[in-house]
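# Examination of the molecular architecture
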Amino acid sequence: DTAVSQTPKYLVTQMGNDKSIKCEQNLGHDTMYWYKQDSKKFLKIMFSYNNKELIINETVPNRFSPKSPDKAHLNLHINSLELGDSAVYFCASSHQKGLASHVGQFFGPGTRLTVL
Amino acid sequence: KQEVTQIPAALSVPEGENLVLNCSFTDSAIYNLQWFRQDPGKGLTSLLLIQSSQREQTSGRLNASLDKSSGRSTLYIAASQPGDSATYLCAVSNRNDYKLSFGAGTTVTVRA
């Protein structure tokens, strides 16, 4: 299936731990994104990469570090997890950033992170 | 900074009734506007995308309009069904940086 996939789907961990979430898209898109959806269901952009280059970096703590080994993958590593990091993290992709895709952004199923 | 507002926050209708969901945005310099559907505990499914040069898009029972100058979009769902129950999110792509700014969503319940 052509899609945006994320692993893991659920992640439960203790405060202070370091964890990673992986994202892969096989849609041939150039641009990938990470969004955070908080408990109030508000979705906010965190990062965006175009062809492995960081193009959007919102005001996100530097404990969050995205890594794009190639244009089909965008992983999110989080250091020293805090209670407030609990949320659902969505990965998305689209065609070239400048064109912003005539079909919009495609979203992964989300990773529900719970920090205890 | 782009701000997106969706009204109402929640809507409950009997099956068969038409749904009208509203979205407004503060900065009219958008590239496109996208409507998504999110089911509980699930990801986002793109429903319709309207380019800034377009005034509406249609897909089946769904119709979305865009009035860029007034910063508004409306999603119409005709003859609602219980399967339409979900949260509907509006998102605008900014012209200057193309990132999506989301509204808080409208949670729709269609009663059988």
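For the structure given in this document, a descriptive report is provided here. Everything quoted here is computed from the prediction, not taken from an experiment.

### A word on unusual backbone geometry
- Cis geometry is adopted by the peptide bond preceding Pro-8 of chain A, which originates at Thr-7 of chain A and carries an omega value of -5 degrees.
- Its place among the elements puts Pro-8 of chain A in the loop between strand E1 (4–7) and strand E2 (10–13).
- In this structure, the amide linkage connecting Ile-7 of chain B to the following residue, Pro-8 of chain B, adopts the cis form with an omega of -5 degrees.
- Assignment of secondary structure puts Pro-8 of chain B in the loop between strand E1 (4–7) and strand E2 (10–14).
- At Lys-52 of chain A, a position not held by glycine, the phi torsion is positive, near 75 degrees.
- On the secondary structure map, Lys-52 of chain A appears in the loop between strand E5 (43–50) and strand E6 (53–57).
- Its relative accessible area of 49% is what places Lys-52 of chain A among the partly exposed residues.
- The phi dihedral of Ser-80 of chain A falls on the positive side, at around 45 degrees, and the residue is not glycine.

### A closer look at the pairing of strand E4 (residues 31–37) of chain A
All names here are of chain A.
- Where burial is concerned, most of E4 is hidden: six out of the seven residues are buried.
- The sheet contact formed by E4 and E5 spans seven bridges and is antiparallel. Following the sheet pairing, Thr-31 is matched in E5 by Asn-50.
- Counting the residues between successive antiparallel strands, the hairpin from E4 to E5 contains five residues, one of them, Lys-41, with a positive phi of roughly 75 degrees.
- Here E4 pairs with strand E9 (residues 87–94) via seven bridges, running antiparallel. Residue pairing for E9: Met-32 is matched across the bridge by Ser-93.

### Let's talk about the pairing of strand E8 (residues 73–78) of chain A
All names here are of chain A.
- Of the two faces of E8, the one holding Leu-74, Leu-76 and Ile-78 is buried and the one holding His-73, Asn-75 and His-77 is not buried anywhere.
- When strand E3 (residues 19–25) meets E8, the two strands line up antiparallel, connected through four bridges. Within E8, the position partnered with Ile-21 by the bridge is Leu-76.
- Relative to E8, strand E7 (residues 64–70) runs antiparallel, the two being bridged by five bridges. Across the sheet, the residue bridging to Lys-67 is Asn-75, located in E8.
- Taking the residues between adjacent antiparallel strands as the criterion, E7 and E8 are bridged by two residues.

### Regarding the environment of Ile-56 of chain A
Residue and element names in this part refer to chain A.
- Position of Ile-56 among the secondary structure elements: in strand E6.
- Exposure remark for Ile-56: the relative accessible area of 6% places this residue in the buried category.
- Along the sequence, Ile-56 and Ile-45 sit 11 residues apart, while their C-alpha atoms lie 8.5 Å from each other.

### What about the sheet that holds E7 of chain A?
All names here are of chain A.
- The sheet built from four strands is open, its strands ordered E1-E3-E8-E7 with antiparallel pairing. The open sheet has two edge strands with one neighbour each: E1 and E7. Direction aside, the axes of adjacent strands within the sheet are offset by 20 degrees on average.

How each quantity is defined
Within each chain, residue numbers correspond to sequence positions counted from 1 in written order. Just so you know, chain letters begin at A and ligand numbers begin at 1, following the order they were written in. A pLDDT threshold of at least 70 governs which residues receive local features in this predicted model, and a stricter bar of 80 or more applies before side-chain atom pairs are shown or counted, although totals over entire chains, interfaces and linings include all residues. Where side-chain values are given, they derive from all heavy atoms of the structure, hydrogens and water being excluded. Secondary structure elements follow DSSP: runs of H or I no shorter than four residues count as helices, runs of E no shorter than two count as strands, and numbering proceeds from the N terminus. Residue exposure (1.4 Å probe, protein chains only): buried if accessible area is under 20% of the type maximum, exposed if over 50%, otherwise partly exposed. When DSSP finds at least two bridges between two strands, those strands are taken to pair. Here an angle of 0 to 180 degrees is reported between the N-to-C directions of two axes, which are lines fitted to C-alpha atoms, with helices fitted over the stretch in contact.

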